[in-house]
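Geometric and topological summary
One-letter residues, chain by chain:
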Amino acid sequence: MSLFDHKVSELHELLHKKEITVTDLVDESYKRIGAVEDQVKAFLTLNEESARQKAKELDAKLGTDESKGLLFGMPIGIKDNIVTKNLRTTCGSKILENFDPIYDATVMNKLHSAETVTIGKLNMDEFAMGSSTENSGFQKTSNPWNLETVPGGSSGGSAASVAAGEVLFSLGSDTGGSIRQPAAFCGVVGLKPTYGRVSRFGLVAFASSLDQIGPITRTVEDNAYLLQAISGLDANDSTSANVEVPNFAEALTGDVKGLRIAVPKEYLGEGVSEETKQSVMNALKVLEGLGATWDEVSLPHSKYGVATYYLLASSEASSNLARFDGVRYGYRSPNAENLVDLYKKTRSEGFGEEVKRRIMLGTFALSSGYYDAYYIKAQQARTLIKKDFEDVFENYDVIIGPTTPTPAFKIGEKIDDPLTMYANDILTIPVNLAGVPGISVPAGFASNGLPLGLQIIGKHFDESTVYRVAHAFEQATDFHKQKPGL
Amino acid sequence: MSRISKEEVKHVAHLARLEFSEQEVEKFAHQLDAIIGFAEQLNELDTDNVKPTSHVLDMKNVLREDKSVKGLPREEVLKNAPDHQDGQVRVPTILE
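Residues numbered from 1 in each chain as written. Chains lettered and ligands numbered in written order. Predicted model: local features only at pLDDT ≥ 70, side-chain atom pairs only at ≥ 80, totals over all residues. Heavy atoms only, no water.

This is how the line gets drawn: UniProt positions are given in the numbering used here, feature names are shortened, and annotations may be inferred rather than shown by experiment.
The name that an unreviewed UniProt entry assigns to chain B is Aspartyl/glutamyl-tRNA(Asn/Gln) amidotransferase subunit C, with the source organism given as Falsibacillus pallidus. Listed in UniProt under the heading Sequence similarities (unreviewed entry), the comment for chain B reads: "Belongs to the GatC family." As recorded by UniProt, the Subunit (unreviewed entry) comment attached to chain B reads in full: "Heterotrimer of A, B and C subunits."

The name recorded for chain A in an unreviewed UniProt entry is Glutamyl-tRNA(Gln) amidotransferase subunit A, from Falsibacillus pallidus. The Sequence similarities (unreviewed entry) comment attached to chain A in UniProt states, word for word, "Belongs to the amidase family. GatA subfamily." Turning to chain A, the UniProt record has this under Function (unreviewed entry): "Allows the formation of correctly charged Gln-tRNA(Gln) through the transamidation of misacylated Glu-tRNA(Gln) in organisms which lack glutaminyl-tRNA synthetase. The reaction takes place in the presence of glutamine and ATP through an activated gamma-phospho-Glu-tRNA(Gln)."

A look at the UniProt feature "active site" (unreviewed entry) in chain A
Residue and element names in this part refer to chain A. So the rule is basically this: Secondary structure counts use DSSP, requiring at least four H or I residues in a row for a helix and at least two E residues in a row for a strand, with both numbered from the N terminus. Buried, partly exposed and exposed residues are distinguished by accessible area as a fraction of the type maximum, computed with a 1.4 Å probe on protein chains only: under 20%, between the cut-offs, and over 50%, respectively. Should any heavy atoms of two residues lie within 4.5 Å, those residues are counted as being in contact. Definition of a polar contact: a pair of N or O atoms within 3.5 Å, with one able to donate and the other able to accept a hydrogen when the atoms are protein atoms, and with sequence-neighbouring residues admitted only if both atoms are side-chain atoms.
Here the UniProt-annotated "active site" (unreviewed entry) positions come out as Lys 79, Ser 154 and Ser 178. Annotated residues spanning 100 residues; largest pairwise C-alpha distance 11.0 Å, indicating a single compact cluster. Its place among the elements puts Ser 154 in the loop between β3 (117–122) and α5 (156–163). Judged by its relative accessible area of 0%, Ser 154 falls in the buried class. Those residues in contact with Ser 154 that sit more than four places away from it in its chain are Lys 79, Asn 123, Met 124, Asp 125, Ala 128, Met 129, Gly 130, Thr 133, Ser 173 and Ser 178. A polar contact of 3.4 Å, which involves the side chain of Ser 154, links it to the backbone oxygen of Ala 128. Note that Ser 178 resides in the loop between β4 (169–174) and α6 (180–186). Ser 178 gets classed as buried once you look at its relative accessible area, which sits at 6%. If near-sequence neighbours (up to four positions away) are discounted, Ser 178 is found in contact with Lys 79, Ala 128, Gly 130, Gly 153, Ser 154, Ser 155 and Ser 173.

Section: the pattern of salt bridges
Put simply, the rule reads: Criterion for a salt bridge: a side-chain nitrogen of Lys or Arg within 4 Å of a carboxyl oxygen of Asp or Glu.
Using the criterion set out here, one finds 30 salt bridges over all chains in the structure. With a closest N to O distance of 3.1 Å, Lys68(A) and Asp65(A) form a salt bridge. Given a relative accessible area of 52%, Lys68(A) falls into the exposed group. Across the salt bridge formed by Asp325(A) and Arg328(A), the nearest N and O atoms sit 3.7 Å from each other. Here the salt bridges do not stand alone but share partners, grouping Glu353(A), Glu354(A), Arg357(A), Arg358(A) and Lys27(B) into one network.

Section: the nonpolar core
Residues and elements named next belong to chain A. As a reminder of what qualifies: Think of a nonpolar core as a cluster: buried Ala, Val, Leu, Ile, Met, Phe, Trp, Tyr and Cys residues, connected wherever their side-chain atoms sit within 4.5 Å.
Of all hydrophobic cores here, the largest spans 161 residues; its most connected members are Phe 127, Leu 171, Phe 389, Ile 400 and Ile 456. In terms of residue count, helix α12 (residues 371–393) provides more of this core than any other element does, nine residues in total. Contact partners of Phe 127, with chain neighbours within four places excluded, come to Cys 91, Ser 93, Ile 95, Leu 96, Val 204, Phe 206, Leu 321, Phe 324, Phe 351 and Val 355.

Overview of the interface of chain A and chain B
Accessible area lost during the coming together of the parts is what is often quoted as the interface size. To keep it simple, the criterion reads: Summed over both partners, buried area is the accessible surface (1.4 Å probe) that two parts give up on being assembled. Charged residues are taken to be Asp, Glu, Lys and Arg, nonpolar residues to be Ala, Val, Leu, Ile, Met, Phe, Trp, Tyr, Cys and Pro, and polar residues to be all remaining types, Gly included.
Facing 66 residues of chain A, the contacting portion of chain B comprises 51 residues. Here chain A meets chain B over a buried area of about 5200 Å², counting both sides, of which 68% is carbon and sulfur. Seen at the junction of chain A and chain B, the total is five salt bridges. In this structure, Lys345(A) and Glu19(B) form a salt bridge, with 3.7 Å as the shortest nitrogen-oxygen distance. Between the two partners, chain A and chain B, sit 22 residue pairs in polar contact (both at pLDDT 80 or more). Put simply, the parts of the chain that give the side of chain A that touches chain B at least two residues each are α9 (305–320), α10 (339–350), α11 (353–366), α12, α13 (418–423) and α14 (429–434) of chain A. For the side of chain A that touches chain B, a count of residues per class yields 32 nonpolar, 19 polar and 15 charged.

A word on the pairing of strand β8 (residues 293–297) of chain A
A regular strand carries its side chains on alternate faces of the sheet. All names here are of chain A. Our working rule: For two strands to pair, DSSP has to find at least two bridges joining them. Convention used here: a crossover is right-handed provided that the path from the first strand, over the helix, to the second strand proceeds clockwise when the strands point away from the viewer.
Across five bridges, strand β7 (residues 260–264) lies against β8 in parallel orientation. Residue pairing in the sheet places Val 263 in a bridge with Glu 296 of β8. In this view, the connection linking β7 to its parallel neighbour β8 by way of helix α8 (residues 274–289) has right-handed handedness.

What to know about the pairing of strand β2 (residues 75–79) of chain A
Residue and element names in this part refer to chain A. Counting buried positions along β2 yields five of five residues, so the element is predominantly enclosed. Of the two faces of β2, the one carrying Pro 75, Gly 77 and Lys 79 and the one carrying Ile 76 and Ile 78 are both buried. Where β2 lies against β3, five bridges are found, and the strand directions are parallel. Bridging from a neighbouring strand, Lys 79 pairs with Leu 122 of β3. Following the backbone out of β2, through helix α4 (residues 106–114) and into the adjacent parallel β3, one traces a crossover that is right-handed. Alignment of β2 against β4, held across three bridges, turns out to be parallel. Bridging across to β4, Ile 78 finds its partner in Leu 171.

Structural notes on the sheet that holds strand β9 (residues 398–402) of chain A
Residue and element names in this part refer to chain A. Test applied: All axes here are fitted lines through C-alpha atoms, helices being fitted over the stretch that makes contact, and every angle between N-to-C directions spans 0 to 180 degrees.
Taken in spatial order, the eleven strands make up an open sheet running β1-β3-β2-β4-β6-β5-β10-β11-β9-β7-β8, and their pairing is mixed. The strands lining the two open edges of the sheet, one partner per strand, are β1 (43–46) and β8. Direction aside, neighbouring strands of the sheet carry axes that sit 30° apart on average. One ladder, built from two bridges, connects β7 with β9; its direction is parallel. Paired with Ala 262 across the bridge in β9 is Ile 399. With respect to the sheet, helix α7 (residues 220–230) is in contact with β2, β4, β5 (189–192), β6 (212–217) and β10 (438–445), its orientation differing from that of β6 by roughly 145°. Against the sheet, helix α15 (residues 463–476) touches β5, β6, β9, β10 and β11 (451–457), its axis set at about 10° to β10.

Observations regarding the side chain of Ser231(A)
All names here are of chain A. Relative to the helices and strands, Ser 231 resides in the loop between α7 and β7. Side-chain polar atoms of Ser 231 contact the backbone oxygen of Leu 227, separated by 2.8 Å. For Ser 231, the residues in contact, after removing those within four places along its chain, are Lys 110, Arg 197, Val 198, Val 245 and Phe 248.

Here's the deal with the packing of aromatic side chains
What counts, and what does not: Only Phe, Tyr and Trp rings take part, Trp by its six-membered ring, and two of them pair if their centres are within 6.5 Å. Stacked means planes under 30 degrees apart, edge-to-face means over 60, and tilted covers everything else.
Evaluated as defined, the whole model comprises 17 aromatic pairs over all chains. Their ring planes at 70° and their centres at 5.8 Å tell us that Phe248(A) and Tyr467(A) sit as a pair that is edge-to-face. With Phe248(A) in the loop between α7 and β7 and Tyr467(A) in helix α15, this pair connects stretches of sequence that are 219 residues apart. Per residue, the accessibility class of Phe248(A) equals that of Tyr467(A), and both read buried. A ring pair is formed by Phe20(B) and Phe28(B), whose centres lie 4.6 Å apart and whose planes are at 45°; its orientation type is tilted. When sorted by exposure, Phe20(B) lands in the same class as Phe28(B), which is buried.

This is the structure in structure tokens:
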């Protein structure tokens, strides 16, 4: 049995009683990485020397007041688009292959205060653009449940590392489903917080109005603790929200009596596999048994989510990625003769194909003559999608549906067909466009043995209710106890 | 009919400071055309009098006190620069 079969609260107790040390936890992590990483390939950079040093320092504090924090000594993996001081941060891109940040992201500062131990940086689709982690500039990560299949994307490394037992938990980022979709594919718990709940300072920007950092964990309880640690207003991020951070753990009561659930008919429509629909219906039965009620509702503009997302996200990406020009940091082409040539060669040699495709789409959508027809139109569609959610939330506490239309697909299966790949995010994208929180929790297995995810969506800043429902469902089922036979 | 010509791809590539081989231009013309075609389903929506949303929350602009603060140390900032000399980033000649 692995130490990581325990929840954070149990490990905290063991540390407190000095039955284990932080060094034991860090050993557990690197031992498992040594055993499975050549198959899973979740990590881009390991932080072993620093992590072991840190573990020693923390062990010296065991039993003192300084070790009272719940996350004290817990081993964590970090998606490689979150900057970490003096620890290589590549964003999965050749253009940042040797980038060594000189400051920490706000979430890292918060984790340092909580005394977690950073085990390493996790693989991802280049600049978080993708649904399979196949777009990484360095390696393809495998799904621990079946190495022939993708772990999902773009936080594929973050989800796979937790599912494979390499770290206790990890951070990912979610722009159109990049935490929830890989969490569903890998059978773990992944939350995208309300936009503004967590500071984006130090998260390499993809689409600034959608990106949000969030926790990936084994259990809902661990997820709540990790979100607690990274939430809050940040003077360095003008989009972080000045709202109170509640005690999320207080929501984990198991009680959902009288809770009103909305199930959008669009989320159980065409393209969603029978097994996926069945897992959602089973989940609704479980929640009904606990005293909740549910009705079918409509989010009529759902079908426009994917088109809206690709126009807006690509437009913002084309602007954000302009900073990669080979001048101040990152790769620089050795073949340039003048400055414009330097920009063009650096970017063309440094960026991968999917990133270039989105920069092209975004530049097109923002260019003179097309701006109103594409960019403004998409911003208006976003208003309608957001209003769909607001209308439903007038009468319901949460919205429930599948996280993805199908379980994980095979590596290579969709990579040459961008539109089919994009359609994979159809159930997660509207949540980002509306800015509301959403979680994916394990909800069963397809007949091929691959995990299925249940998505629970809440009102703005109501992560507590999302956690309440997710925890009640988790406690009533044992899907989260299953582990890949790796 | 193709919405996006090869010439248009080249023009957008120049704006985006990217360059492509003829083969890539052809491929991007097809793919972008398909994606834009897909995006045009938004034309089905009646958006007269619909306000565009650029930010999902009602937020006020944030200002900080107008006070000078120390910048990052120069050596640190230049640590990641691909080419630098005498404390400055070096680039190819801009003026002839």
